[in-house]
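Letter by letter, the chains look like this.
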Amino acid sequence: MGTDTGTGMTGSGTTRVTRQRPWRIALLLVALWAFSSDVTAQVLDLACDITAGSDIDLTWTNPLTYDSIDISLDGAPATTVPGTATSAVIPIGTGIHELCVIAIIGGVPQPAACCAVALPDVSVVTAPGLVIGQAADPTNPNPVNSDLVVTNSLAIGDLQVRVEIAHVFRGDLEVRLTSPTGVTLTLANNDGGAEDDIRTTFADAGAPYDGAELADESWLMPEGPGTLADFAGADSAGTWSLSIDDTFADLDDGVLEEWELLVFAGGVALPIEVLGCVMSPSEPDRALLTWVNPSPYDSIEVEIDGAIVATLPGDATTFLAPPQAGLTTFCLRPALGGSAVPVTCCSLVVGVPPIVDLTCTVIAGSGVVEVEWTNPATYYDSIEIEVGGMVVETLFGDDVSTAWPIAALETVSICVRPVAGAAAASPSCCTTTAPTDTTDASVVVAAELIDGFVDSTTSLTTALVAAGETVVVVGEIDPTSIGTPRAIWVMLGTFPQNHTLTAAEGQLLFDWINAGIPVYVEGGDVWGFDDPTAFALVDGVAADATDGDDTFQGMIGLDYGDARFAGLVSGYGNDAGSGNDWIDQLSASTSDDLGPNAGEVWIDDGSGGSVDAYATGIFYETSDPAGPVLCQSWEFGGYGGDATDLAARYRVALGLAATPTFRRGDTNSDGAVDVADAVFLLDALFTLGMFPTCPDAADVNDDGAIDVSDAVYELSYLFSGAAAPPAPGVDNCGVDPTADALRCPPACL
């Protein structure tokens, strides 16, 4: 069975993987940083700059200390650098390339940070420093012309022009490029607005022309008329000319600082952006791919798991994949000018495969069936458990076990159905029968009728199993089926789905309690309406209990003896819905047969309109050797709080489990509170370390949750003189004085 990590899902929860790593002082710094920041395991601020020659300078920052850092070039490993490195130099060839930096923590690759760079076959730069405009010197020419000579003779596949102009009111400028053969293209045509400067690279693969971005060092398409593709196939050699015309030359001026011509023998384009993989709304075994093209391509190849399955037009933006099954990787590989562009990929589970190796085993001496299986992969979103054809539980997608109670001698079919996206796999099923041996088990008596809104028997049984109790479910108060168990839990229900105790059944409960067996009884009419039985002599409820009404809609817990419910506040869901559940109003007895020690443990919270608060739960600490008794007039299944936590508290009250104690701040359960505990907690929160076995101890600030603020609190206490963690404190083992959903094993070092 997995370890419940308190995520709110039912069933076995998720088992954390323990990774042994040396402590690092960096983790202590991360605690304070993470308290006010979004924690990421990905490297940040990646920059890719072309240096002299054909090398790329990669620089980045590390938010964490990594084990190592892998660098890939066009999807293939290029090099590995230490986990503290923040730069690398990678040689590349001409064309466009994708470089990715992938941090490694505990052998697990973190999300990649990537950038695309383009290395031209020819790059020629000139820095003429020509004055533009005549405001300072009327003799300046207008327009200004700057020539650039390319000596390399190449058939142009793609052309880019980088322009650096300092000029106020850039909307005054018209910028044109003319080739050695006289072909002219307008890069910008008096459409730059009132802002200053033009500093951009014009490329057909850039973003659509936007005059507001001319100074942002971005890639932009030329404004036109014309495109850079007009030069495709032409010879690059010869004199190229850049012409700049200042429409209001006498009002202001500027400087053409430099411009550059970048010639690619093959086509160059940006990779596809924003690739999405989703299930087809109408066909669950097919994936629908959608994406954004930064510019049109010549064509787009679709690869599925490495194989090309289709070639699309260059302006396509959607593709419905053929039927698939399982985890599938889809990649789009555009082409422009005969050269391929780096691929863009995504993965999706299609045609969900079923689980395998299903086994259903009844735990000896109980009616709990342990269900185990193997996931062929770890990509399920969730796993549904069906019992008798109904979904009774939804687990995490990587869970591999659960447990479910069935009544003695009952034969049921249990099915496991994984779900991914909008699709579900075929269920895998097993059939099993519960035994009748109740030794060392809790017996839940399902005496209530089943047509109400609340299935209290299932709710209690599920919660008891989750809290660690072995359970057998029986259908009636019968000595043959109940035997001599650890405890008896009698579910009598509320009107009109209630069962009334007979005299014989009341006598059996009387006998079992006197024999030392703990007993829990719930029912809406047992004490204020039904005729009393022998059970009334040993239940701890006073004879003046009154027949209730429908005002009980919420409750407040109280402490009495080992029943520790103080701090629990919950709404209540009636079994009859908007009808009248007739919740009995109780008071504690001081004159029952087994001693005077009975007290109220649940009271009405007044939310339903009652004038005076009344009790709906009584705990009876009977005299030895009798078993303790817990009575409530409402149904467990209507409780609006954490049912597993409540079942665990009931087990403690009835003597079935020791009262959990812990040392607050001892997150690693080694019996001491020190810096190792803060490191252990940070490991669990941020690097997939083992989750604390005692969640209450890890709640260092006692706010009912486990997060980075607990590590900060502990570090502040250890190193900054801050207040010590709240009770039970760091020096002694004790119980939690605050009611919350966090629990611990009984043992405390």
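Definitions and cut-offs
- Residues numbered from 1 in each chain as written.
- Predicted model: local features only at pLDDT ≥ 70, side-chain atom pairs only at ≥ 80, totals over all residues.
- Heavy atoms only, no water.
- Buried < 20%, exposed > 50% of the residue type's maximum accessible area, 1.4 Å probe, protein only.
- Helix = DSSP H or I, 4+ residues; strand = E, 2+ residues; numbered from the N terminus.
- Pairing = 2+ DSSP bridges.
- Axes fitted to C-alpha atoms, helices over the stretch in contact; angles between N-to-C directions.
- Phe/Tyr/Trp six-rings, centres within 6.5 Å; stacked < 30°, edge-to-face > 60°.
- 1 Å grid on protein atoms, 1.4 Å probe; cavity = no way out; pocket = protein on both sides within 12 Å on 5 of 7 lines; lining within 4 Å.
- Points joined across faces, edges and corners; volume = space filled by probe spheres on them.
- Nonpolar A, V, L, I, M, F, W, Y, C, P; charged D, E, K, R; others polar.
- Lys, Arg positive; Asp, Glu negative; His and termini not counted.
- Salt bridge = Lys/Arg side-chain N within 4 Å of Asp/Glu carboxyl O.
- Polar contact = N/O pair within 3.5 Å; in protein donor to acceptor, adjacent residues only side chain to side chain.
- Parallel < 35°, antiparallel > 145°, perpendicular 65-115°, else oblique.
- Contact = heavy atoms within 4.5 Å.
- Disulfide = S-S within 2.5 Å.

Colleague: Tell me about helix H2 (residues 456–466), and name the residues and values.
Modeller: Here H2 has its buried residues at Ser456, Thr457, Leu460, Thr461, Ala463, Leu464 and Val465. With its phi angle positive at about 105°, Gly468 sits one or two positions after the end of H2.

Colleague: I'd love a proper account of the sheet that holds strand E37 (residues 487–491), names of residues and values included.
Modeller: Ordered by their spatial adjacency, 9 strands build an open sheet running E36-E35-E37-E38-E47-E46-E45-E40-E43, and the pairing between neighbours is mixed. The sheet is open, and its two borders are formed by strand E36 (471–474) and strand E43 (569–571), each paired with just one other strand. On average, each strand axis in the sheet is tilted by 15° relative to the strand beside it, whichever way the strands run. Pairing analysis gives 5 bridges linking strand E45 (residues 598–604) to strand E46 (residues 615–620), with the strands arranged antiparallel. When the sheet's bridge partners are listed, Ala598 is paired in E46 with Tyr620.

Colleague: Explain the sheet that holds strand E31 (residues 401–405) residue by residue, including any values.
Modeller: A sheet is described by the order of its strands in space; here 3 strands give the open sequence E27-E28-E31, paired in antiparallel fashion. In this open sheet, the two edge strands, each paired with only one partner strand, are strand E27 (356–362) and E31. Each neighbouring strand pair of the sheet contributes to a mean axis angle of 20°, computed without reference to strand direction. Here strand E28 (residues 368–374) pairs with E31 via 5 bridges, running antiparallel. Note on E31: the bridge partner recorded for Val371 is Thr402.

Colleague: How would you explain the packing of aromatic side chains if you had to name every residue and give the values?
Modeller: Scanning the entire structure with this criterion turns up 12 aromatic pairs. Summarising the aromatic geometry, the rings of Phe552 and Tyr572 are spaced 5.2 Å apart at their centres and angled 50° between planes, so their arrangement reads as tilted. Note that Phe552 is positioned in the loop between strand E39 (546–549) and strand E40 (554–557) and Tyr572 in the loop between E43 and strand E44 (583–585), a separation of 20 residues in sequence. For the pair formed by Phe552 and Tyr572, the shared burial category is buried.

Colleague: Pulling in residues and values, what's your account of the layout of surface pockets?
Modeller: One number sums up the size of the second largest pocket: a volume of about 450 Å³. Forming the boundary of the second largest pocket are 17 residues, of which Cys48, Ile50, Val117, Ala118 and Trp219 lie nearest the centre. Counting only elements with at least two residues in the lining of the second largest pocket, the list comes to strand E1 (44–50), strand E8 (113–119), strand E12 (158–167) and strand E18 (254–264). Counting residues per element, the lining of the second largest pocket draws most heavily on E8, which supplies 4 residues. When the residues that make up the lining of the second largest pocket are grouped by side-chain class, the tally is 11 nonpolar, 3 polar and 3 charged.

Colleague: I'd like a rundown of the side chain of Glu448, residues and numbers included.
Modeller: With respect to the element layout, Glu448 can be found in the loop between strand E35 (442–446) and H2. Comment: no salt bridge for buried Glu448; closest opposite-charge side chain is Arg651, at 19 Å. Within polar-contact distance, the side chain of Glu448 engages the backbone nitrogen of Ser456 at 3.1 Å. Separated by 2.9 Å, the side chain of Glu448 and the backbone nitrogen of Thr457 make a polar contact.

Colleague: Outline the packing of H2 against helix H5 (residues 643–653), listing residues and values.
Modeller: Each pair of packed helices can be described by the angle between their axes along with the distance between the axes. H5 packs onto H2 with a crossing angle of 75° between their chain directions and a minimal axis gap of 8 Å. With respect to H5, the element H2 is oriented roughly perpendicular. Across from Ala463, Leu464 and Ala466 in H2, the residues of H5 making contact are Ala643, Thr644, Ala647 and Arg651. For the contact of H2 with H5, the residue count by class is 5 nonpolar, 1 polar and 1 charged.

Colleague: Give a detailed account of the state of the cysteines, specifying residues and quantitative values.
Modeller: In the structure shown here, the tally under the stated rule is 5 disulfides. For Cys277, the disulfide goes to Cys346, at an S-S distance of 1.5 Å. One end of the pair, Cys277, is in strand E19 (residues 273–279); the other, Cys346, is in strand E26 (residues 344–350), and 69 residues separate them in sequence. What makes Cys277 buried here is its relative accessible area of 17%. Two residues, Cys331 and Cys345, share a disulfide whose sulfurs are 2.0 Å apart. Judged by the sign of its S-S torsion, about 110°, the cystine formed by Cys331 and Cys345 is right-handed. Within this pair, whereas Cys331 is found in strand E24 (residues 326–336), its partner Cys345 is found in strand E26, the two being separated by 14 residues in sequence. Note on Cys345: relative accessible area 39%, which makes it partly exposed.

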